[in-house]
Amino acid sequence: MAAFSKRYLRFGKKNLRNDEVHVLWPIYVYRVMYPVPKAKPLNLFQEAILGLCRAQCTDRQEISRLLDIDHELVAYIIIELRAQGWLNDKGKITRQGENMLDEDRGRKGELSVSRSESSQQELKMGYAFWDTISQKWLPRFMSVLPEIEPPEEKNGFPSFVMNRESGKTISPYQLHGDILNLKNINDKVKQQLFDAHRIYQLDIHHAKQLKLNDDFSREQEVHMGSIEFVSDQPDPMYLWVSIFRNPNADELWSIRDPFEIRINASWLRKSLLEVINREKGLITKLSKLIGEPQPEKQTAEQWLTLLDERIRMEMLLEYPYLEKHPDIARYMTALKRRQAKVQDGIANDEEIDSLLSDAQKLIESVLKWMLKRWIIDIRRLPDYNKPPSKQQLMRIYHAIELDALSDNVIESLSRQNYGAIHDVLRKRENSTSSMKALLCGVSLTTSENSDHPFKQLDENTLSFSLLLELADMRNKAGHASGYKFDKQEVLNACDFAIQWTTNFKEWF
């Protein structure tokens, strides 16, 4: 498959961090023209004072002496320059001030190249970004594109210098980019660019209030009142994105704003979560980033949040086939969550007993899925009003010729109430009968379904005898006998339920 792009964007000049996950995010870059108000030129005194401040002369008395103007006028002009953001509180020139000084001197030495019909505006070119993941505009605009070149490729992927001093290289994870259908970028979609621009302006305002983007150049800031696409043919590029562990936020991992306006880019995280199930390699990297919960170093709330995030990643990575079966996935997740609590010794006796219930519910959800997929004509079975005897049921189970139905298993199943079995076959996935009744019903359906997994798997894999033992264990816990289970005994039963479920991944 051809690479989405061989061009890469990375904003910021800081060295990359080794404890973050780095990702190449596929985007389309549009060139746009937008009108902006002409910058108000500096007067003679403002230009002179800014020039002196850039030359490290910030003392008001010295400025007054050098320019031969009253020191009160100097103080007034400095207040004006501060209000414009061209000087900071210490009287030193800011990045904006330097840009304004350079632009003003450039205007005085060049003819205007404005193509705007209004004398109060001029046209500038900037860049807008279409996200191939969310199929939306990113709420960011730039007047420059800092492209980077990979020094080499490793296994067909670009490799970049991670640290300028050490020379260490890194190959970021590449997200899958969808080829853009230009017909979809219609006038309505173009109009949505203004919604993205409002978010962009709001983020810049908040960043200035919090002084988060001192390094964000005024030259990069984009203001627009109307917009014109220079071309309908955008450039496919990869945007460098970094993911970091964020224990101080509601989520355990966050995405840094790749444009370095704010700290986090929640809009990128939301988009990634919608497609992360197809990015198995990234899930592995995020799982390592999050790491294992450490209850002794965290509050209970922090530990549970970290645990939930880890289990979610594990479900996506190890059990992707359960995505189409939400009931089974839900019981698997609940089982793994309680299993982790028991393993780490922060569960009480009641939760240990509940773990058995979780294991049983997981197996029941699998049996109900089988009842939904493989059916039997119950009219061929004995009449509900004339239930068969135990001996008749035993003959029926023997006639199925299922390897997993050993004599001992048949003896146990034949003792089940036939009314409950009939209910299972009638209500199928909606049945509320016991696990043993469900197993009886599913076994009977194999007589009319040669492709049933019970027909394909051997006796040791299906382990009907262990299923029945698990059902009996749960019955012990359910009775008011005061019986207490050994922790390891319960964890072994839990492992069995998980393994038994994974035996059917070929059919899920």
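Preceding this paragraph is the structure being described.
Residues numbered from 1 in each chain as written. Predicted model: local features only at pLDDT ≥ 70, side-chain atom pairs only at ≥ 80, totals over all residues. Heavy atoms only, no water.

(A) How the structure looks around the pairing of strand β7 (residues 157-161). Bridge count between strand β6 (residues 152-154) and β7: 3 bridges; the pairing is antiparallel. Bridge pairing in β7 places lysine 154 opposite phenylalanine 157. Between the end of β6 and the start of β7, which pair antiparallel, lie 2 residues, with asparagine 155 showing a positive phi angle near 55°. Examined bridge by bridge, β7 and strand β8 (residues 169-170) share 2 bridges and lie antiparallel to one another. What sits directly across from valine 161, in β8, is threonine 169. (Pairing = 2+ DSSP bridges. Helix = DSSP H or I, 4+ residues; strand = E, 2+ residues; numbered from the N terminus.)

(B) Main features of the packing of helix α1 (residues 44-54) against helix α3 (residues 71-83). At a minimum axis distance of 10 Å, the contact between α1 and α3 shows a crossing angle of 80°. Our classification of the angle between α1 and α3 gives roughly perpendicular. Packed against α1, whose contacting residues are Phe45, Gln46, Ile49 and Leu50, the element α3 presents Leu73, Val74, Ile77, Ile78, Glu80 and Leu81 at the interface. For the contact of α1 with α3, the per-class residue count stands at 8 nonpolar, 1 polar and 1 charged. (Axes fitted to C-alpha atoms, helices over the stretch in contact; angles between N-to-C directions. Parallel < 35°, antiparallel > 145°, perpendicular 65-115°, else oblique. Contact = heavy atoms within 4.5 Å. Nonpolar A, V, L, I, M, F, W, Y, C, P; charged D, E, K, R; others polar.)

(C) Structural detail: the nonpolar core. Residues Leu367, Tyr397, Phe454, Phe464 and Phe504 are the most contacted members of the largest nonpolar core, which totals 67 residues. The leading source of residues in this core is helix α10 (residues 349-373), at 11 residues. Core analysis: the next-biggest nonpolar cluster, separate from the first, contains 62 residues, Leu138, Trp240, Ala265 and Ile290 among them. (Core = buried A, V, L, I, M, F, W, Y, C linked by side-chain atoms within 4.5 Å. Buried < 20%, exposed > 50% of the residue type's maximum accessible area, 1.4 Å probe, protein only.)

(D) Expanded view of the side chain of glutamine 339. Note on placement: glutamine 339 falls in helix α9 (residues 326-343). Residue glutamine 339 is classed as buried on the basis of its relative accessible area, which comes to 8%. Polar side-chain contacts of glutamine 339 include one of 2.9 Å to the side chain of aspartate 495. Contact partners of glutamine 339, with chain neighbours within four places excluded, come to Leu355, Leu491, Cys494, Asp495 and Ile498. (Polar contact = N/O pair within 3.5 Å; in protein donor to acceptor, adjacent residues only side chain to side chain.)

(E) A look at empty space enclosed by the protein. Under the counting rule described, the total for this entry stands at 1 cavity of 30 Å³ or more. Taken as a whole, the largest cavity encloses approximately 30 Å³ of empty space. Contributing to the lining of the largest cavity are Ile363, Leu367, Met435, Lys436, Leu439, Leu467, Leu468 and Ala471. At the level of elements, α10, α14 (435-445) and α17 (464-478) are the ones that each hand at least two residues to the lining of the largest cavity. (1 Å grid on protein atoms, 1.4 Å probe; cavity = no way out; pocket = protein on both sides within 12 Å on 5 of 7 lines; lining within 4 Å. Points joined across faces, edges and corners; volume = space filled by probe spheres on them.)

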